[in-house]
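# Results of the structural survey
Here is what each chain is made of, one letter per residue.
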Amino acid sequence: MTRYIGSVDQGTTSTRCIIFDRDGRIVGIHQKEHKQIFPRPGWVEHDPLEIWENTQIVIRGALSAAGLSGEALAAIGITNQRETTMVWNRHTGIPYGNAVVWQCTRTHEICKALMRNQGQNRFRDRTGLPVATYFSGPKIQWILDNVPEARIAAEAGDALFGTMETWLIWHLTGGPAGGAHVTDVTNASRTLLMDLYTLKWDPAILEIMRIPDAMLPRIVSSSDPGIWGWTRPDGPLGASVPVCGALGDQQAALVGQTCFETGEAKNTYGTGCFLLMNTGHTPVPSRQGLITTLAYQFGKSRPVYCLEGSIAVAGALVQWIRDNLGLITTAAEIESLAGTVADNGGVYFVPAFSGLFAPYWRADARGAMVGLTRYANKGHIARAVLEANAYQTRDIVEAMARDSGIALSHLKVDGGMVANELLMAFQADILNVPVIRPRISETTALGAAYAAGLAVGFWPDLESLRRNWAEDRRWRPAMDEPTRERLYRQWKKAVERTFNWIE
Ligand SMILES: Nc1ncnc2c1ncn2[C@@H]1O[C@H](COP(=O)(O)OP(=O)(O)O)[C@@H](O)[C@H]1O
Ligand SMILES: O=P(O)(O)OC[C@H](O)CO
């Protein structure tokens, strides 16, 4: 009897597999970190083979933690760090180099050339996105321009492009022996190559970036009763399980938080931080530096769109404080260190490590710590690190209110950092709205499980998913207005100090 759904969450920092029951409860979980490769300043890579290896390990680990075999799963869904780009050989499965991660700025020159005379919004009407190093299209172009074998193979039809869900689905369903080569609409909407309205690759943009369409995956619904393929019995599941659900991780969290109504929003604090608001069946163009993107498409139903505010560095700054400065030994310790001081002591940290994403889109910005005096100590730095997430989120919430006309009445939150209660309380203070954490904080994996489960009828409808959502904790604003506005004003000044750094 198939009483469970499996979900693989392939994130920037780690890969985890979670097995859920029908009530959305976790019955087994296994997680493994992968290497972060920084070959030059501003460059970030992952090893796709290591990630496939880890995926197999965590699938086996989660099944074993749940005491289940693969036959117990009705379906498996995949969710992933978005935009991270790889190209591999369709006959051997060997990648043409490491995956170019979403945070990587190596396509700066390509993006400048794309913007020349036409500006950052050259493709915005069609794709919903500004030209930026963040998105996959310029990353594909970079690989084809810099790895000659990749270009030759791509033009001969022997190379495949994929983001992480495409890579993992291809492997799970057979790899070189006929694996499915697909990408779901949400991931495709992050490439700068897909038309938001037709949900098809845009031939004119492909030509401009010199990307052969033979290397592109088929764009599919996020939850597809058509089933893309079955896992191989000799693979990590040890059984033939339908692969039929996929969503970019931020969209998966939106689904996991059951934000199915127009105006509902969530903010996910992981390596980066991403606030998405459901805008219904109509793409809402942004004038405030947000992006217009796909929220989800279930089966053949009309697609649902959202506005997104993407913040490149959130938990990654905590990792940096841990790994590069050694101020803490675990991410969780940042909370006790920040708790040693009453406030930020005037210190602000703007983590523009990959430039600044929404709402600024400044590739020329680099990180800065400002407001330093001899009074400042490591507690103040820890505090500034946490506060940066809250200020960046306020930047997004304000832009979203202007774009959508909807002022948030509360904010649903999730992701690895929401364990940090000091941050959650400060977030409520700085936004002046309640911040709400759900009982299941693994909303990303849950969203992908929902996509797969809906496709095979494991869950009959959206209402059955809504019933699984429950509140865990709520933080109410407690800061006085003058303090809130003074802190935020200083933050805006700090942000300006990071501009025009890269020449
Ligand atoms: N208690 C904590 N306080 C602050 N940051 C944390 C805490 N726990 C985890 N993090 C940060 O959260 C991130 C991991 O969150 P996760 O949602 O697993 O990320 P991802 O999906 O991007 O891999 C890491 O960057 C880590 O530094
Ligand atoms: O892996 P995360 O959770 O940091 O998410 C990364 C985003 O999908 C990048 O767009």
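No experiment lies behind these values; they were computed from the predicted model shown. (Residues numbered from 1 in each chain as written. Chains lettered and ligands numbered in written order. Predicted model: local features only at pLDDT ≥ 70, side-chain atom pairs only at ≥ 80, totals over all residues. Heavy atoms only, no water.)

Attention shifts here to the side chain of Arg-106. Its location among the elements puts Arg-106 in the loop between strand E7 (99–100) and helix H2 (108–115). Given a relative accessible area of 9%, Arg-106 falls into the buried group. At a separation of 2.8 Å, a polar atom in the side chain of Arg-106 contacts the side chain of Glu-45. Apart from the residues lying within four places of it in its own chain, the contact partners of Arg-106 are Gly-42, Trp-43, Val-44, Glu-45, Val-100 and Trp-142. (Helix = DSSP H or I, 4+ residues; strand = E, 2+ residues; numbered from the N terminus. Buried < 20%, exposed > 50% of the residue type's maximum accessible area, 1.4 Å probe, protein only. Polar contact = N/O pair within 3.5 Å; in protein donor to acceptor, adjacent residues only side chain to side chain. Contact = heavy atoms within 4.5 Å.)

Turning our attention to the sheet that holds strand E14 (residues 273–280). Strands sit in the order E15-E16-E14-E13-E19-E20-E21 across an open sheet of seven strands; the sheet is mixed. With one partner strand each, in any of the chains shown, strand E15 (291–296) and strand E21 (471–475) form the two edges of the open sheet. Across the sheet, the mean angle from the axis of one strand to that of its neighbour is 30°, orientation sign disregarded. Examined bridge by bridge, E15 and strand E16 (residues 304–311) share five bridges and lie antiparallel to one another. Of the residues in E16, the one forming a bridge with Tyr-296 is Val-304. Most of the contacts of helix H12 (residues 378–404) go to E16, to which it runs at about 145°, and overall it touches strand E13 (265–269), E14, E16 and strand E19 (411–414). (Pairing = 2+ DSSP bridges. Axes fitted to C-alpha atoms, helices over the stretch in contact; angles between N-to-C directions.)

Bringing the site of ligand 1 into the picture now. The full set close to ligand 1 counts 17 residues, and Arg-16, Thr-271, Gly-315, Gly-416 and Asn-420 are the nearest of them. One nitrogen or oxygen atom from the side chain of Thr-271 is found 2.4 Å from an oxygen atom belonging to ligand 1. Contact distances for ligand 1 include 3.0 Å between an oxygen atom and a backbone N or O atom of Gly-315. The protein chains hide 85% of the 580 Å² of surface that ligand 1 would expose on its own. Looking at the shell around ligand 1, the elements that each hand over two or more residues are strand E2 (14–20) and helix H10 (315–323). Sort the elements by how many residues they give to the shell around ligand 1 and H10 lands first, with four residues. (Near = heavy atom within 4 Å. Areas by Shrake-Rupley, 256 points an atom, 1.4 Å probe, with all protein chains shown as cover.)

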